[in-house]
Amino acid sequence: MEWETVIGLEVHVQLSTRSKLFSGSATKFGAEPNTQANVYDLALPGTLPVLNKEALKMAIKFGVAIGAEIGKRSVFDRKNYFYPDLPKGYQISQLDFPIVGKGSLAVTLDDGSEKVIGVTRAHMEEDAGKSLHKDYQGMSGIDLNRAGTPLLEIVSEPDILSAREAVAYLKKLHSIIRYLDISDAIMAQGSMRCDANVSIRAKGETELSTRTEIKNINSFRFVEKAINHEVQRQKDVIEDGGRIVQETRLYDADKDETRSMRSKEVANDYRYFPEPDLLPIVIDDAYIADIRSQLPELPDAKIARFCDEYGLSEYDAGVLASTREMADYFEAVATASGDAKLAANWVTGELQGLLNKHSWEVADSPIQADRLATLIARIKDDTISGKIAKTVFETMLDDSSDVDAIIESKGLKQVTDNSAIEKIVDDVIASNPDQVLQYKDGKVQLIGYLVGQAMKLSQGKANPGQVNALLKEKMQ
Amino acid sequence: MIEKTVAELSAALGSGDISSVELTQIFLDRIATHNAELNAFITVCDEAALKQAQAADAARANGDSDALLGIPMAHKDIFCTQGVTTTCGSRMLQNFVSPYDATVVERFNAAGTVTLGKTNMDEFAMGSSNETSFFGPVRNPWDTARVPGGSSGGSAAAVSAGLCAMATGTDTGGSIRQPAAFCGITGFKPSYGRVSRWGMIAFASSLDQAGPLCKSAEDASLMLNVMAGLDEKDSTSIDRTTEDYTATLGDSLQGLKIGIPKQHFAESLSADVEQGIRDALSEYERLGATLREIDLPNNHLSVSAYYVVAPAEASANLSRYDGVRYGYRCEDPVDLEDMYKRSRSEGFGDEVKRRIMVGTYALSAGFYDAYYRKAQKIRRLIKNDFNAAFEEVDIIIGPTSPHTAFELGAKSDPVAMYLEDIYTIAVNLAGLPAISVPAGMVNGLPIGMHMVGNDFAEAKVLNVAHQFQQQTDWHRQRPAAFTEEG
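Residues numbered from 1 in each chain as written. Chains lettered and ligands numbered in written order. Predicted model: local features only at pLDDT ≥ 70, side-chain atom pairs only at ≥ 80, totals over all residues.

### Focus: the overall build of chain A
Now for step 1: The secondary structure content of chain A amounts to 15 helices and 15 strands.
Now for step 2: Computed over C-alpha atoms, the radius of gyration of chain A comes to 30 Å, more than 25% over the 23 Å expected from 2.2 N^0.38 for 476 residues, which places it beyond the range of a compact globule.
Now for step 3: Counting the 476 residues in chain A, one finds 41% classified as buried. (Helix = DSSP H or I, 4+ residues; strand = E, 2+ residues; numbered from the N terminus. Rg over C-alpha atoms; globule rule 2.2 N^0.38 Å. Buried ≥ 20, exposed ≤ 12 C-beta atoms within 10 Å, placed from the backbone.)

Written out as structure tokens, the structure is:
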């Protein structure tokens, strides 16, 4: 039987506000346990929530960026359940009236085609604390630093048909969120978390079948692996005559498998009801328009502009626009060097290689945009060759002095003096008589070999154009 | 001194007739003598009170003359008080010492009042007789075999018996007004949102409102001047300029249109109470007011709607008492579930558990529409009834309670107890301001008259109550066993 996979993703993004969703406590990652929990976060009697306006603004920003409807009247609800790291015994979330309604995201698939994936909704809610199960003599510790951190839960439509599509969707989401600067969105740190709802059905079937929810997926790579694993598991179950049970399954990256966590068939009844401590949020059109006017250029628009303005290929533009920081870096180099294509080559080539090698972000690069631009300018004005430039680039990693000073002090300046080049060319002709003869007999492609010999002799410093011209002239 | 109103005590302090330290000592002595009998206080703050009194006297010597400077008062034990045990009448919080002050407490402190202690109350404010307190029932100073009403029974009894000059209370379905009626004092519930709920332990968030318990409408105005106002820590507090509530107390009632809801003079009302209220209404006619019967057609639904909405909110509000971070935790739990179950089973009393169960049920999947959603619809109907009434009249007057204070143990059936608040509950559902003032005596027990104003018409309600108190002396009557000599 031929199967079709149906996937919907629920992505939780920690909004990067300075304080929590309903209290003034800080939200910094990695602080000592319970140092970022005030009387509200501890759910002391008599304390009340006050909405963080910054979180609201970030949520609306996201909604506007994906072309979604913004809830003009948005309501918080209490989701009731007992857990030690949930201090109030309920989570303040949004059920019927989320801040962000229907929107969509266009993603590029592996075959280069574009697919629009629906976003059902996105709502604000507070994060829980953490239970710590080690080192407490058989007891559990509770850290409430994270309790109350604002989350935006973004729910997709079940439009995603493969693990690869899921990754493409997630990456697009990640890119937009980073562009909007509303979250660090680091999966490994949990500031972006993904739960995947996965089901399979016979190809051609239109009804959705029973799904499982996979939790604990903390990297893009694991999203793909976890979904593929789960799809295979479901196929095996059904083909063995079994039945898929609606349940939550935990992904174990070490074993690359999912295992049952709890069955949703005996689901918790969360007894949602409107949060009486908070008034409904009423948003007017002017506020939305104001946020819209402040939106940064988003990835799709940037890619289009890079192709158009700098004549880049869609692929290169895509790589350069993958993060806002990378795009800004590229544009700075392109502008300062005066050669966008060369800038694109260097940024996607040498620089990207360097960053990958060290797992650095653009901001970590020891070579700032202005220095790379100078280096490129020196290639353009024939001070150095492209090949020598790579040597200079290596030197620049540890040497923060001026690019020109490095070229000068290492004697890497290109030789453009005709008499010096003539001497080298003469030497090459003299020491390669066979090749010269063959060239003269019409095997003109040997010019490359001879230029190479000359460059080698000059330790790369001779201007290759001049060498080429002079060789041709002398061998006529 | 203990028979004086706050306004009178303020004058005595201002003229130097007495110092705050002296006055505080008088009340502390009263508490020491009478609290064992009344059980009105859970905690008494002797030392801290005298320190506050000294500070008040020093401030006065430096020229400070705030109206409430140096006045000894009590706070219902539902308000968080920094460094002082805050129990909410429950075993669950028997040892809870709050690290912060409620906004109401903070404002009184800033006004220079003296906190004598924390008053007894029904557990988590759930009750109409003060019998659900973990710390034992409060006795009515008029007859100690009787209840003081609830849930602010400790505050009402303490004011009535002269154990404090004034007290704070909270009112979710009548918890200020009904005990004020039973104890023969003045109790005022402001409009929802008028007074901050920050630091006031939540029972039913959309209904809870703090207010004064005191000897007169004038005193209530002085207290409300301190309590009212926007608080950024409470998102439901109202951003409205608050007036000086004493400024309009003297306004004439000539031409005032009083609405008499026919539903409040129905079969369950005792004849004696009805007569008392009718007499009081005649007083208003003498003051130039006109009376007209009004209809509140959905009033009979208010108790039912309330007993869905309030328990539903309470079921969530009380989830935080889980034994994890503070409050009561059972001995030697075997696991997490055992800790939750036993801490809550042992830490809460029967009435609290009953309401948590009712509320949990009302919110459960499959029942939400039939209960919670329907109750919210009824709430809107009740609000519409009031809106229609206030098109016709300026104020609505009736009895606070169908009868006078009953004996301890007389209402063992929970539903009978719930019907105690039949005249007061609709006001909370509609968020309106309402006051109870003494309006007569039946067999040595006070009758309470209930006056309801339109949204944020606190000043009007206080004016109407004050004018009555200018003509009558029901609010001056004190229980014989607790007079100055008593």
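### Quick look at the overall build of chain B
Now for step 1: For chain B, the count of helices and strands is 15 helices and eleven strands.
Now for step 2: Taken over C-alpha atoms, the radius of gyration comes to 21 Å for chain B, in line with the 23 Å a tight globule of 486 residues would show.
Now for step 3: Taken over 486 residues, chain B has a buried fraction of 61%.
Now for step 4: Taking contacts inside chain B between residues at least 6 apart in sequence as the whole, the part at least 24 apart equals 77%. (Contact = placed C-beta atoms within 7 Å.)

### Focus: the packing of helix H12 (residues 418-431) of chain A against helix H14 (residues 446-457) of chain A
Residues and elements named next belong to chain A.
Now for step 1: For the pair H12 and H14, interaxial distance at closest approach is 9 Å and the crossing angle is 125 degrees. On the basis of the axis angle, H12 is oblique to H14. Helix-helix and strand crossings are classified by hand; for H12 and H14 the assignment is right-handed. Of H14, the residues touching H12 (which contributes Ile424, Val425, Asp427 and Val428) are Leu450, Gln453, Ala454 and Leu457.
Now for step 2: Within the contact of H12 with H14, the residues separate by chemical class into six nonpolar, one polar and one charged. (Axes fitted to C-alpha atoms, helices over the stretch in contact; angles between N-to-C directions. Parallel < 35°, antiparallel > 145°, perpendicular 65-115°, else oblique. Left-handed = near helix turned anticlockwise from the far one by under 90°. Nonpolar A, V, L, I, M, F, W, Y, C, P; charged D, E, K, R; others polar.)

### Concerning the sheet that holds strand S3 (residues 77-80) of chain A
Now for step 1: Strands sit in the order S4-S3-S14 (chain A) across an open sheet of three strands; the sheet is antiparallel. The open sheet terminates on both sides in strands that have one partner only, identified here as strand S4 (90-93) and strand S14 (273-274) of chain A. (Pairing = 2+ DSSP bridges.)

### A few points about helix H10 (residues 336-347) of chain B
Residue and element names in this part refer to chain B.
Now for step 1: For H10, built from twelve residues, the straight-helix expectation of 16 Å at 1.5 Å per residue is met to within 8% by its first-to-last C-alpha distance of 16 Å.
Now for step 2: Those residues of H10 that fall on the buried side of the exposure criterion are Tyr340, Ser343, Arg344 and Gly347. For H10, the arc enclosing every buried residue in end-on projection is 90 degrees, short of the 170-degree limit, so these residues lie on one face. Exposed and facing more than 90 degrees away from the buried side of H10 are Glu337, Asp338 and Ser345. (Expected span 1.5 Å × (residues − 1). Arc of directions from axis to C-beta.)

### Remarks on the interface of chain A and chain B
Now for step 1: In this complex, chain A contributes 25 residues to the contact, which on the side of chain B involves 34 residues.
Now for step 2: In terms of residue class, the side of chain A that touches chain B is built from 17 nonpolar, three polar and five charged.

### Overview of the confidence of the model for chain B
Note: predicted coordinates in regions of low pLDDT should not be interpreted at a detailed level.
Now for step 1: Here chain B averages 96 in pLDDT, while 100% of its residues score no lower than 70.
Now for step 2: Reported confidences for the modelled complex are a pTM of 0.91 and an ipTM of 0.97. (pLDDT = per-residue confidence, 0-100.)

### What to know about the nonpolar core
Now for step 1: With 146 residues, the main nonpolar core has Met73, Leu116, Ala158, Cys164, Met166, Ile395 and Met451 of chain B as its most contacted residues.
Now for step 2: At eight residues, helix H9 (residues 302-317) of chain B tops the list of elements feeding residues into this core.
Now for step 3: Excluding anything up to four places from it in sequence, Ala158 of chain B contacts Ala40, Phe41, Ala74, Thr119, Leu163, Cys164 and Ala167 of chain B.
Now for step 4: If you look at the next biggest cluster of nonpolar residues, it comprises 58 residues, including Ile7, Val107, Ala168 and Met192 of chain A. (Core = buried A, V, L, I, M, F, W, Y, C linked by C-beta atoms within 7 Å.)

### Considering the domain arrangement of chain A
Residues and elements named next belong to chain A.
Now for step 1: The domain architecture assigned to chain A consists of domain 1 (3-288), domain 2 (297-409) and domain 3 (418-474).
Now for step 2: The distance between the C-alpha centroids of domain 1 and domain 2 comes to 36 Å.
Now for step 3: Each partner contributes to the interface: domain 1 provides six residues, whereas domain 2 provides six residues.
Now for step 4: In terms of residues, the side of domain 1 that touches domain 2 owes the most to one element, helix H2 (residues 163-180), which gives four residues.
Now for step 5: Residues belonging to the side of domain 1 that touches domain 2 are distributed by class as follows: four nonpolar, one polar and one charged. (Domains from an automatic or database assignment.)

### Considerations on the pairing of strand S4 (residues 166-171) of chain B
All names here are of chain B.
Now for step 1: Of all six residues making up S4, six are buried, and the element is well covered by its neighbours.
Now for step 2: Of the two faces of S4, both are covered, the one formed by Met166, Thr168 and Thr170 as well as the one formed by Ala167, Gly169 and Asp171.
Now for step 3: Looking at chain direction, strand S2 (residues 72-76) and S4 are connected through two bridges and run parallel. Bridging from a neighbouring strand, Ala74 pairs with Ala167 of S4.

### Quick look at the environment of Arg379 of chain B
Now for step 1: The residue Arg379 of chain B is located in helix H12 (residues 369-392) in this model.
Now for step 2: In this structure Arg379 of chain B touches Ala305, Val309 and Leu429 of chain B, once residues within four positions along its chain are discounted.

### Remarks on the sheet that holds strand S11 (residues 445-452) of chain B
All names here are of chain B.
Now for step 1: Strand order in the open sheet formed by eleven strands is S1-S3-S2-S4-S6-S5-S10-S11-S9-S7-S8, and the pairing between neighbours is mixed. For this open sheet the edge positions go to strand S1 (41-44) and strand S8 (290-294), each flanked by a neighbour on one side alone. On average, each strand axis in the sheet is tilted by 30 degrees relative to the strand beside it, whichever way the strands run.
Now for step 2: The strands that helix H2 (residues 20-38) touches are S1, S2 and strand S3 (114-119); relative to S3, the one it contacts most, it runs at about 20 degrees.
Now for step 3: The strands that helix H8 (residues 271-286) touches are strand S7 (257-261), S8, strand S9 (395-399), strand S10 (434-442) and S11; relative to S10, the one it contacts most, it runs at about 115 degrees.

### Brief notes about the packing of H12 of chain A against helix H15 (residues 464-474) of chain A
Residue and element names in this part refer to chain A.
Now for step 1: H15 packs onto H12 with a crossing angle of 55 degrees between their chain directions and a minimal axis gap of 10 Å. One finds that H12 runs oblique with respect to H15. The handedness of the crossing between H12 and H15 comes out as right-handed. On the side of H12, the interface is formed by Asn418, Ile421, Glu422, Val425 and Ile429, while H15 contributes Gln466, Val467, Leu470, Leu471 and Lys474.
Now for step 2: For the contact of H12 with H15, the per-class residue count stands at six nonpolar, two polar and two charged.

### Overview of the environment of Asp66 of chain B
All names here are of chain B.
Now for step 1: Along the chain, Asp66 falls in the loop between helix H3 (46-61) and S2.
Now for step 2: Separated by 346 residues in the primary sequence, Asp66 and Ser412 have C-alpha atoms spaced 46 Å apart.
Now for step 3: Sequence-distant contacts of Asp66, that is, excluding residues within four places in its chain, are made with Ala111 and Gly112.

### Details of unusual backbone geometry
Now for step 1: In the segment running from Gly150 of chain B into Ser151 of chain B, the intervening peptide bond is cis, with an omega of 10 degrees.
Now for step 2: Topologically, Ser151 of chain B is positioned in the loop between S3 and helix H5 (153-160).
Now for step 3: Despite not being glycine, Asn34 of chain A shows a phi value in the positive range, around 60 degrees.
Now for step 4: For Phe124 of chain B, which is not glycine, the phi dihedral falls at a positive 50 degrees.
Now for step 5: Within the fold, Phe124 of chain B resides in the loop between S3 and H5.

### Thoughts on the environment of Asn225 of chain B
Residue and element names in this part refer to chain B.
Now for step 1: Locating Asn225 in the fold gives a position in helix H7 (residues 217-227).
Now for step 2: For Asn225 and Arg107, which are 118 residues apart along the polypeptide, the C-alpha to C-alpha distance reads 10.0 Å.
Now for step 3: In contact with Asn225, other than residues within four places in its own chain, are Asp244, Tyr245 and Thr246.

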